[in-house]
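Letter by letter, the chains look like this.
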Amino acid sequence: MKSSLPLPVRIAAGLAVTAVEQARKLPEQLTGLPVTVVSQALQLSMRVQQRVTELAIKGDDALASLRPVEETPEWATFDEDEDDPVPSPVEPEVNDPWLAEERAVSEHEDTGDEDEVAAGGPAALPEYDELSVPQLRARLRRLTLDDLEQLQAYEREHAARPAYLGMLTRRIATVRAQENADS
């Protein structure tokens, strides 16, 4: 049967009937309403957190290409940076080419000035400029406090690399603490 009433009147009547039906269901829905509201709020919060995390990851990726990555963060410490025994004067093994070269250089080079800078770097470690952080870390245990301070001064005057300065500063502090504990 086709109604002769205009469409807006029929829509208004449908809305009124729906409102009455919903009003009858309201007491049943009120008991579950707090749970529904909390659930929807938590879902919204999680979606927002996910979106923020996605944006942060994209931002990190974009910024990573603009700044160099530190080889060793300043906050990083290593076993050799803590509780080191005092290095003993041990003759280096000739099998290690670096040690053999270092021994040969130290035997044939007597300048009398410990603060003098050699052609490639400080006298304490002439190849210093070519060393990576791990390579330098491996050599720090054999150096005296004066040598370490010389390297630190050299690094400050030349490249002033945070990873190198941080490592040298930590090693100097460790050696000083050991010397104070021994005396």
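Just so it is clear, the model here is predicted, and its values are computed rather than measured.

Re a nonpolar patch on the surface
- A surface patch of nonpolar side chains, about 340 Å² in accessible area, is lined by L26, L30, L33 and V37.
- Positionally, L26 belongs in helix α1 (residues 7-64).
- Judged by relative accessible area, L26 falls into the partly exposed class, the value being 41%.

Points about the pattern of salt bridges
- Throughout the structure, instances matching the rule amount to four salt bridges.
- Residues E54 and R51 are paired through a salt bridge, measuring 3.2 Å at the closest nitrogen-oxygen approach. With E54 and R51 both in helix α1 and three residues apart, this pair spans about one turn of that helix.
- Judged by its relative accessible area of 42%, E54 falls in the partly exposed class.
- As a salt-bridge pair, E149 and R176 come within 2.4 Å of each other at their nearest N and O atoms. Here R176 lies in helix α5 (residues 162-182) and E149 lies in helix α4 (residues 145-157), a separation of 27 residues in the sequence.

A short note on the confidence of the model for the protein chain
- Per-chain confidence: the protein chain averages 77 in pLDDT, with 69% of residues scoring 70 or above.
- Note that pLDDT drops below 50 for residues 88-94; the model gives that stretch six contacts with residues more than four away or on any other chain.
- Low pLDDT, under 50, characterises residues 105-118; the predicted model gives this stretch 13 contacts beyond four residues in sequence or across chains.

Concerning the packing of aromatic side chains
- Summed over the entire model, instances satisfying the criterion amount to two aromatic pairs.
- Judged by centre distance (5.7 Å) and plane angle (85°), the rings of Y128 and Y154 are edge-to-face. Remark: Y154 occurs in helix α4 and Y128 occurs in the loop between α2 (97-108) and α3 (133-140); sequence separation between them is 26 residues.
- Ring centres 6.3 Å apart and planes at 75° place the aromatic pair Y128 and Y164 in the edge-to-face group. Of this pair, Y128 sits in the loop between α2 and α3 while Y164 sits in helix α5, and the two are 36 residues apart along the sequence. The residues Y128 and Y164 share a single accessibility class, namely buried.
- Site record: aromatic cluster; members linked through ring pairs are Y128, Y154 and Y164.
- Between R161 and the ring centre of Y164, over which it is positioned, the NZ or CZ distance is 3.6 Å.

How each quantity is defined
- Residues numbered from 1 in each chain as written.
- Predicted model: local features only at pLDDT ≥ 70, side-chain atom pairs only at ≥ 80, totals over all residues.
- Heavy atoms only, no water.
- Patch = residues over 30% accessible without salt bridge, like charges linked within 9 Å, V, L, I, M, F, W, Y side chains within 5 Å.
- Areas by Shrake-Rupley, 256 points an atom, 1.4 Å probe, with all protein chains shown as cover.
- Salt bridge = Lys/Arg side-chain N within 4 Å of Asp/Glu carboxyl O.
- Helix = DSSP H or I, 4+ residues; strand = E, 2+ residues; numbered from the N terminus.
- Buried < 20%, exposed > 50% of the residue type's maximum accessible area, 1.4 Å probe, protein only.
- pLDDT = per-residue confidence, 0-100.
- Contact = heavy atoms within 4.5 Å.
- Phe/Tyr/Trp six-rings, centres within 6.5 Å; stacked < 30°, edge-to-face > 60°.
- Lys NZ or Arg CZ within 6 Å of the ring centre and 35° of its normal.

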